[in-house]
Amino acid sequence: MNVFIDTNIYLTFFHMSHDDLEELNKVFVLQKNNNITLWMPDQVVDEFRRNRETKLADAIKRFSEEKFNNQIPQMVKEYPEYENLRNAKKDFETAKNAVLTKLKKDIGSKSLKADQLVSSIMLQAKRVTASAKTLAAAKTRFDRGNPPGKNRSYGDAISWECLLSDVPNGEDLFLITDDSDYFSPLNQDQLNGFLAEEWETKKSAKLFVYRRLSQFLTNKFPLAKLASELEKEVQIKNLAESRSFARTHEVISELTKFADFTPPQVNDIVGAYISNSQVRWIICDQDVKVFAHFLLDKYSTIIDDEHAEKFQEFIRQCEDADEEVPF
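Description of the structure in this document.

Cut-off values and rules
- Throughout this document, residue positions are counted from 1 along each chain, in the order its sequence is written.
- Predicted model: local features are reported for residues with pLDDT of at least 70 only, side-chain atom pairs are reported and counted for 80 or more only, and whole-chain, interface and lining totals are derived from all residues.
- Hydrogens and water molecules were not included; the side-chain quantities draw on all heavy atoms of the structure.
- Only DSSP runs of H or I with at least four residues qualify as helices, and only runs of E with at least two residues qualify as strands; both kinds are numbered from the N terminus onward.
- Expected helix span is given by 1.5 Å per residue-to-residue step, counting one fewer step than there are residues.
- Each residue is placed in one exposure class: buried if its accessible area under a 1.4 Å probe, protein chains only, is under 20% of its type's maximum, exposed if it is over 50%, and partly exposed if it falls in between.
- When checking whether two residues touch, look at their non-hydrogen atoms; a contact exists if any pair is within 4.5 Å.
- Should DSSP find at least two bridges between two strands, the strands are regarded as paired.
- What counts as an axis is a line fitted to C-alpha atoms, over the stretch in contact for a helix, and the angles between N-to-C directions run from 0 to 180 degrees.
- Within this scheme a cavity is a closed region of a 1 Å grid, computed over the protein atoms alone, that accommodates a 1.4 Å probe without allowing it to escape, whereas a pocket is open but has protein on both sides within 12 Å along at least five of seven lines; lining residues each have an atom within 4 Å of a point.
- Grid points are joined across faces, edges and corners, and a volume is the space filled by probe spheres set on the points.
- Under the convention adopted here, Pro, Cys and the residues Ala, Val, Leu, Ile, Met, Phe, Trp and Tyr are nonpolar, Asp, Glu, Lys and Arg are charged, and Gly plus all remaining residues are polar.
- In what follows, roughly perpendicular refers to angles from 65 to 115 degrees, roughly parallel to angles under 35, roughly antiparallel to angles over 145, and oblique to any angle outside these ranges.
- Crossings are sorted by hand: turned counterclockwise from the far helix by less than a right angle, the near helix makes the crossing left-handed, and turned clockwise it makes it right-handed.

**Observations regarding helix α5 (residues 113–124)**
Consideration 1: The first and last C-alpha atoms of α5 sit 17 Å apart over 12 residues, in line with the 16 Å expected at 1.5 Å per residue.
Consideration 2: Within α5, burial applies to Ala-114, Asp-115, Leu-117, Val-118, Ile-121 and Met-122.
Consideration 3: Tucked into the core, α5 has its buried residues touching α1 (7–12), α2 (21–32), β2 (37–41), α3 (42–65) and β3 (126–128).

Put into structure tokens, the structure is as follows:
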């Protein structure tokens, strides 16, 4: 799945974002497990680095100016709770100043959680460097007034031309951006018709757009609310789709790192043991067998009846085989 996340989306995590940092964490998990190919034009990296401090400065300014409401009616002062209100105001200012001190230190050292996640995502992304041909095409695009591009800047046009140049033909692209240029003037929730037609014509594929990272993740990966759950779902899917013994051992190793699973997850894993020959044929291998015993011992009461008997039978066959081995 080809994905492009615009600079403005990364920058929201350094300002007043509607999305939680958990959404960035999910992107990292999807990248790590090769569920998405994240395209990263150098233009996006440069724009992020250029605008990070500006966004942070504005966010700090707004937070610093945040005040505990001083407008308390005179008659309230006659009630005993008034003293609690005064103390709450002092506590608010103390806590705010403490947070600001830590925040400024972490900003300077680029050790914010958002910094760490964005850095990891960029390192794993498929970087695209604009060639002289791409830069020329971007300038022509802008000069002709074709989207995306505005404010006498070629930046959006460069990123778009990079995507046109490097994303393989015949493959869909999912855009996450809050840039109005990518949306229809008739309906700001729909893709710009010019860009949709251009992608379909030049790439023989479809283009999709989302305003927020959470919207994209909810639509394409709806089961996981947390990054840790998403990683479980990804590995369970990898087990079900494993096409080699080596891949099965690799996925089992990842699954054993999790302490618990939901009932649907347990049944999906057991289902993979039963239906995927690349798992079933090596169920007697030590790691695959140990994980099967873990599932049976911990979750025997929640394994579906249709799977339980076969699963137990496969495990018994391994135990019988072990007993027959001569010493």
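**Considerations on the pairing of β2**
Consideration 1: Extensive coverage of β2 is indicated by the burial of 4 of its 5 residues.
Consideration 2: Bridge analysis of β2 against β3 gives 3 bridges, and the strand direction is parallel. Residue pairing for β3: Trp-39 is matched across the bridge by Lys-126.

**Remarks on the sheet that holds strand β1 (residues 2–5)**
Consideration 1: Read from one edge to the other, the open sheet built from 5 strands follows the order β3-β2-β1-β4-β5, with strand pairing classed as parallel. Each of the sheet's edge strands pairs with one partner strand only, and the pair in question is β3 and β5 (207–210). Going from strand to strand, the sheet's axes swing by 25 degrees on average, the running direction of each strand aside.
Consideration 2: Summarising the sheet, β1 and strand β4 (residues 173–176) pair through 4 bridges and their orientation is parallel.

**Some points on the layout of surface pockets**
Consideration 1: Approximately 360 Å³ is the volume found for the largest pocket.
Consideration 2: Forming the walls of the largest pocket are 16 residues, and the residues nearest its centre are Asn-8, Glu-47, Lys-150, Asp-156 and Asp-179.
Consideration 3: Elements that contribute at least two residues to the lining of the largest pocket include exactly α1, α3 and α7 (155–166).
Consideration 4: Counting residues per element, the lining of the largest pocket draws most heavily on α3, at 5 residues.
Consideration 5: Of the residues assigned to the lining of the largest pocket, the class counts are 1 nonpolar, 7 polar and 8 charged.
Consideration 6: Considering only enclosed or pocket space, the second largest pocket measures out at about 280 Å³ in volume.
Consideration 7: Forming the boundary of the second largest pocket are Val-45, Phe-48, Arg-49, Arg-52, Glu-53, Lys-110, Asp-115, Val-118, Ser-119, Met-122, Leu-123 and Arg-127.

**A word on the packing of helix α10 (residues 227–240) against helix α12 (residues 263–275)**
Axis angle and axis distance: for two packed helices, these are the angle between their axes and the distance between the axes, and together they describe the pair.
Consideration 1: Running from N to C, α10 and α12 cross one another at 20 degrees; their axes reach a closest spacing of 9 Å. In terms of their interaxial angle, α10 and α12 are classed as roughly parallel. With respect to the hand of their crossing, α10 and α12 are arranged in left-handed fashion. Across from Glu-229, Lys-232, Glu-233, Ile-236, Leu-239 and Ala-240 in α10, the residues of α12 making contact are Gln-265, Asp-268, Ile-269, Ala-272 and Tyr-273.

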